Amino acid sequence: MNIKEYIKPSHIDEAYELCSKGAVAIGGGAFLHLGKQVIGQAIDLSGLGLDYINESDSHVEIGAMTTLRDIETSSIMKQNFKGVLPKTAASIMGIQVRNVATIGGAIYGKYGFSDIITTLLALDAQVELYLGGCMGLDHYLNSSIDKDIILKILIKKNISSAVFACEKKTHTDFSILNMAAALVEGQLRLCVGARPGRAKLSKGAMYFLKPIGSAAAAGETLSILVAEELQFGSDIRGSAEYRRELCKAMVKKCVMEVLQ
Amino acid sequence: MQGHGKKMCNGGATVRIYLTINNRKRDIETMPGAVLYDVLKDCGISSVKKSCGTANCGVCTVLLDGKPIPSCSYLAAKADGRQVTTIEGVQEEADKIGNMMNQEGATQCGFCTPGFLLTVIAMKNELNHPTEDEIKNYLVGNLCRCSGYQGQLRAVQKYMEVSK
Ligand code: FES
Ligand code: FES
């Protein structure tokens with residue numbers, strides 16, 4: 001890793017100014033080796049007070065520099081959204097990485113392997129950017145915004161049920177496939193990640209408002225629908241065909257769990 | 001000069017950081033992209049080992065303000081102003097667990113042991129009476145290619161019992 005200059009601003013304005021001119025914001029830095037190997041200016045965001053988890057009557061807010069381990073152990077996170085975010089965080093690599101990796105870093109990196117992005121998409125999370133303001137995570141991930149700074153992640157308390165599942169070869173490896181499902185104001189949101197491309201919401205599942213029959217029947221129907229709708233690819237962890245079959249089995253399980 | 005709010009580079013070539021390593025304050029000049037592992041080696045700390053170099057195996061674990069982190073994947077500049085602990089800084093505790101590991105046949109080549117011991121010490125400080133599952137979850141990021149983990153688990157359970 002070659003970094004030419006390392007700057008730790010104490011004001012967000014200063015950090016933004018540097019980023020808008022091409023400096024690279026560093027979250028926890030645990031996955032720096034996966035990105036650019038030469039960085040002109042690296043901006044350390046850890047002096048900006050962005051590590052917090054707060055809740056109000058309507059929302060939970062997570063500062064962008066909050067570590068995955070803080071999410072895993074937070075009582076606010078355990079009490080909200082059926083504890084799905086701590087469960088997701090706990091499934092990510094070892095405690096060493098979770099002590100370092102930040103939620104903002106995972107989102108900014110737009111990593112295909114990310115487990116936490118999958119769950120946040122299912123929960124209909126919003127991101128707040130310094131300049132761009134608030135927008136849906138889905139919108140941010142599909143945008144080309146890369147010179148703004150993520151300040152926080154907001155999740156509305158309108159979720160009645162949520163589950164996360166992933167399949168890995170070993171606990172510390174990236175997922176072969178991950179999945180999250182949530183009932184947001186009664187609407188099912190189902191997201192599949194590590195396909196190995198970036199996590200994607202199933203549009204079909206979103207229109208599946210009132211499942212006919214039992215949760216098992218709903219799972220059965222959706223497993224075929226989602227596996228047909230989404231694209232899967234091959235890499236060192238599994239083939240596209242394997243992922244598609246795995247997806248069917250995981251959808252069944254997740255849908256049954258989230259609807260019960 | 002502390003890093004907070006300051007440009008830490010010196011002419012764009014090196015960066016000056018202040019670390020407390022095993023209770024000893026250090027004033028260090030290093031490269032902006034240097035990872036903590038390299039800086040510790042330069043400071044003469046020989047216990048920290050490196051294997052994967054990609055935050056996967058836990059061999060390079062050190063404690064940063066008491067929390068286990070992968071020193072191979074942590075920028076040294078980010079650690080500015082903080083406390084770093086390696087096995088050299090917790091010898092008495094390390095001896096205790098080390099002896100139990102020997103009794104349980106939990107060590108072979110020993111390459112993973114320094115990182116493993118530091119994670120166990122962090123766990124003892126963080127968790128009260130952890131269950132077997134909690135122990136396994138806490139230690140899952142410390143891979144060992146020799147032992148098969150059963151001996152390690154027995155030794156850690158013994159250590160947690162006598163330490164509480
Ligand atoms: S050498 Fe750092 S985690 Fe493997
Ligand atoms: S004892 Fe050899 S790697 Fe653990």
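This text goes with the structure placed above it.
Scoring rules and cut-offs
Residues numbered from 1 in each chain as written. Chains lettered and ligands numbered in written order. Predicted model: local features only at pLDDT ≥ 70, side-chain atom pairs only at ≥ 80, totals over all residues. Heavy atoms only, no water. Helix = DSSP H or I, 4+ residues; strand = E, 2+ residues; numbered from the N terminus. Rg over C-alpha atoms; globule rule 2.2 N^0.38 Å. Areas by Shrake-Rupley, 256 points an atom, 1.4 Å probe, with all protein chains shown as cover. Lys, Arg positive; Asp, Glu negative; His and termini not counted. Charge placed at Lys NZ, Arg CZ, Asp CG, Glu CD. 1 Å grid on protein atoms, 1.4 Å probe; cavity = no way out; pocket = protein on both sides within 12 Å on 5 of 7 lines; lining within 4 Å. Points joined across faces, edges and corners; volume = space filled by probe spheres on them. Nonpolar A, V, L, I, M, F, W, Y, C, P; charged D, E, K, R; others polar. Contact = heavy atoms within 4.5 Å. Buried area = accessible area lost by both parts, 1.4 Å probe. Salt bridge = Lys/Arg side-chain N within 4 Å of Asp/Glu carboxyl O. Buried < 20%, exposed > 50% of the residue type's maximum accessible area, 1.4 Å probe, protein only. Polar contact = N/O pair within 3.5 Å; in protein donor to acceptor, adjacent residues only side chain to side chain. Pairing = 2+ DSSP bridges. Axes fitted to C-alpha atoms, helices over the stretch in contact; angles between N-to-C directions.

1. Quick look at the overall build of chain B
Part 1 of the reasoning: Check the secondary structure of chain B and you find five helices and six strands.
Part 2 of the reasoning: The order of α-helices and β-strands along chain B, N terminus first, is β-β-β-α-β-β-β-α-α-α-α.
Part 3 of the reasoning: The C-alpha atoms of chain B give a radius of gyration of 17 Å, which matches the 15 Å a tight globule of 164 residues would have.
Part 4 of the reasoning: C-alpha extents for chain B along the principal axes are approximately 55 × 30 × 25 Å.
Part 5 of the reasoning: Of the roughly 7,500 Å² that chain B leaves accessible, carbon and sulfur atoms contribute 45%.
Part 6 of the reasoning: Counting 19 positive and 16 negative side-chain charges, chain B places the averaged centre of each group 5 Å from the other.

2. As for empty space enclosed by the protein
Residue and element names in this part refer to chain A.
Part 1 of the reasoning: The tally for this structure, following the rule as stated, stands at three cavities of 30 Å³ or more.
Part 2 of the reasoning: The volume enclosed by the largest cavity comes to roughly 110 Å³.
Part 3 of the reasoning: For the largest cavity, the lining is made up of 14 residues, of which Ala25, Leu45, Gly104, Gly105 and Tyr108 are closest to its centre.
Part 4 of the reasoning: Of all the elements in the fold, those that place two or more residues in the lining of the largest cavity are β2 (24-26) and α6 (103-109).
Part 5 of the reasoning: Sort the elements by how many residues they give to the lining of the largest cavity and α6 lands first, with three residues.
Part 6 of the reasoning: Residues that form the lining of the largest cavity fall into these classes: nine nonpolar, four polar and one charged.

3. Some points on the interface of chain A and chain B
Part 1 of the reasoning: The interface of chain A with chain B comprises 32 residues on the first partner and 32 residues on the second.
Part 2 of the reasoning: For the pair chain A and chain B, the summed buried area comes to about 2,500 Å², and 57% of that belongs to carbon and sulfur atoms.
Part 3 of the reasoning: By the criterion of area lost to chain B, the three top residues of chain A are Tyr6, Lys8 and Gln96 of chain A, representing 29% of everything that side buries.
Part 4 of the reasoning: For the interface between chain A and chain B, the tally reads two salt bridges.
Part 5 of the reasoning: Residue Lys78 of chain B pairs with Asp44 of chain A through a salt bridge whose shortest N-O separation is 3.6 Å.
Part 6 of the reasoning: The set of elements that each furnish at least two residues to the side of chain A that touches chain B consists of β1 (2-7), α2 (68-73) and α5 (95-98) of chain A.
Part 7 of the reasoning: Ranked by residue count, the leading element in the side of chain A that touches chain B is β1 of chain A, at five residues.
Part 8 of the reasoning: Its residues assigned to classes, the side of chain A that touches chain B comprises 13 nonpolar, 12 polar and seven charged.

4. What about the side chain of Thr172 of chain A?
Part 1 of the reasoning: Locating Thr172 of chain A in the fold gives a position in the loop between β9 (159-167) and β10 (177-184).
Part 2 of the reasoning: Excluding anything up to four places from it in sequence, Thr172 of chain A contacts Met93 and Gly94 of chain A together with Asn56, Val140, Gly141 and Leu143 of chain B.

5. Quick word on helix α7 (residues 115-122) of chain A
Two residues of an α-helix separated by three or four positions point the same way, owing to the 3.6 residues in each turn.
Residues and elements named next belong to chain A.
Part 1 of the reasoning: Extensive coverage of α7 is indicated by the burial of eight of its eight residues.
Part 2 of the reasoning: Among the residues making up α7, those that are buried are Asp115, Ile116, Ile117, Thr118, Thr119, Leu120, Leu121 and Ala122.
Part 3 of the reasoning: For α7, the capping residue at the N-terminal end is Ser114, with a side-chain oxygen 3.4 Å from the backbone nitrogen of Ile116.
Part 4 of the reasoning: Looking one or two residues past α7, Asp124 carries a phi angle of roughly 60°, positive in sign.

6. Observations regarding the pairing of strand β3 (residues 24-30) of chain B
On any regular strand, side chains alternate: one points to one face of the sheet, the next to the other face.
Residues and elements named next belong to chain B.
Part 1 of the reasoning: The pairing of strand β2 (residues 14-21) with β3 spans seven bridges and is antiparallel. Across the sheet, the residue bridging to Thr20 is Lys25, located in β3.
Part 2 of the reasoning: Between the end of β2 and the start of β3, which pair antiparallel, lie two residues, with Asn22 showing a positive phi angle near 50°.

7. Quick notes on the sheet that holds β1 of chain A
Either a parallel or an antiparallel arrangement is found when strands of a sheet pair, and the pairing is made through backbone hydrogen bonds.
Residues and elements named next belong to chain A.
Part 1 of the reasoning: Taken together, three strands build an open sheet; the order of strands is β1-β3-β2 and the sheet is parallel. Unpaired on one side and paired on the other, β1 and β2 mark the two borders of the sheet. Taken pair by pair, the neighbouring strands of this sheet meet at an average axis angle of 40°, ignoring direction.
Part 2 of the reasoning: With five bridges connecting them, β1 and strand β3 (residues 38-44) associate as parallel partners. Of the residues in β3, the one forming a bridge with Ile7 is Ile43.
Part 3 of the reasoning: Strand contacts of helix α1 (residues 12-20): β1, β2 and β3, with the helix running at about 165° to β3, the strand carrying the most contacts.

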